[in-house]
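Spelled out from the first residue to the last, the chains are:
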Amino acid sequence: MMDFTLNDIVLYGSNGVCKVDAIEERDMGTYYILRPVHKSHTKLMVPASNERLLNRIRAIPSKADAKQSIKAALSAEPSWISDANARKERAKEILESGTEYELLMLARSFYLHKQKVLEAGKKATSSDNGILRSAQERVRDEFSVVFGIEPEEVDEFIFAEA
């Protein structure tokens, strides 16, 4: 189990990049107070005694590791899960605890599928569009902090790495 200190920048499940804003003692024990970096009005309270929730907290990747993930994802062929329920379940797993590579591949897979569907004159499902949006937000959130750029600059940065 990791110990976190005040002002640490961490990843917390599907909430993305958070700052350890406080460590508070309460009647029920010690809590880590996390604030998502790009959603400062949100406050997350993680009990230090809950190992399952603490295991959802991890360090942000280094620049080198993030660049490696970008290069690997841009050169890999994304896959598509035909079964909608299985696709949603896998996407949920990746959004909650996936690696940077998995997040990039998820966003890429859903983006390419959406383009294919649009070219065929159809619309992507609202569920698939929601997953794409969530994946893109997570990638932008995380990579903006890793590389010290604004979230809206991340897409251009990623494609410049190609």
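Residues numbered from 1 in each chain as written. Predicted model: local features only at pLDDT ≥ 70, side-chain atom pairs only at ≥ 80, totals over all residues. Heavy atoms only, no water.

## Section: the overall build of the protein chain
Thought 1: Scanning the protein chain from terminus to terminus reveals 6 helices and 5 strands.
Thought 2: Listing every helix and strand of the protein chain by position from the N terminus yields β-β-β-β-α-β-α-α-α-α-α.
Thought 3: The principal-axis extents of the C-alpha atoms in the protein chain amount to approximately 60 × 35 × 25 Å.
Thought 4: In the protein chain, which comprises 162 residues, the proportion classed as buried is 37%.
Thought 5: Considering only intrachain contacts with a sequence separation of at least 6, the fraction spanning at least 24 residues in the protein chain is 52%.
Thought 6: For the protein chain, the accessible surface area stands at approximately 9,600 Å², while carbon and sulfur atoms represent 49% of it. (Helix = DSSP H or I, 4+ residues; strand = E, 2+ residues; numbered from the N terminus. Buried < 20%, exposed > 50% of the residue type's maximum accessible area, 1.4 Å probe, protein only. Contact = heavy atoms within 4.5 Å. Areas by Shrake-Rupley, 256 points an atom, 1.4 Å probe, with all protein chains shown as cover.)

## Looking at helix α4 (residues 100-119)
Thought 1: Across its 20 residues, α4 extends 29 Å between first and last C-alpha, which sits within 8% of the 28 Å expected from 1.5 Å per residue.
Thought 2: Among the residues making up α4, those that are buried are Glu100, Leu103, Leu104, Met105, Leu106, Ala107, Ser109, Phe110 and Val117.
Thought 3: Positioned one or two residues after α4, Gly121 has a phi angle of 80 degrees, which is positive. (Expected span 1.5 Å × (residues − 1).)

## Describing the side chain of Ser144
Thought 1: Residue placement: Ser144 occurs in helix α5 (residues 126-147).
Thought 2: At 3.0 Å, the side chain of Ser144 and the backbone oxygen of Arg140 are in polar contact.
Thought 3: Aside from chain neighbours lying at most four places away, what touches Ser144 is His38, Val139, Ile149, Glu150, Pro151 and Val154. (Polar contact = N/O pair within 3.5 Å; in protein donor to acceptor, adjacent residues only side chain to side chain.)

## Quick look at the pairing of strand β1 (residues 9-12)
Thought 1: Note: β1 against strand β2 (residues 17-26), 3 bridges, orientation antiparallel. Across the sheet, the residue bridging to Leu11 is Val17, located in β2.
Thought 2: Here β1 folds back onto β2, and the loop between the two strands holds 4 residues, one of which, Gly13, carries a positive phi near 45 degrees.
Thought 3: As judged from the 3 bridges shared by β1 and strand β5 (residues 57-59), these two strands associate in the antiparallel manner. Note on β5: the bridge partner recorded for Leu11 is Arg58. (Pairing = 2+ DSSP bridges.)

## Concerning the nonpolar core
Thought 1: Residues Ile70, Leu104, Leu106, Val139, Phe143, Phe147 and Ile158 are the most contacted members of the largest nonpolar core, which totals 22 residues.
Thought 2: Sorting the residues of this core by element identifies α2 (63-75), α3 (84-97), α4, α5 and α6 (154-160) as the ones contributing at least two each.
Thought 3: Setting aside anything within four residues of it in sequence, one finds Leu104 in contact with Ser69, Ile70, Ala73, Val139, Phe143 and Ile158.
Thought 4: Membership of the second largest hydrophobic core comes to 12 residues, among which are Phe4, Tyr32, Val46 and Leu53. (Core = buried A, V, L, I, M, F, W, Y, C linked by side-chain atoms within 4.5 Å.)

## Thoughts on unusual backbone geometry
Thought 1: Even without being glycine, Asn7 reaches a positive phi, approximately 75 degrees.
Thought 2: As for its position among the elements, Asn7 is in the segment before β1.

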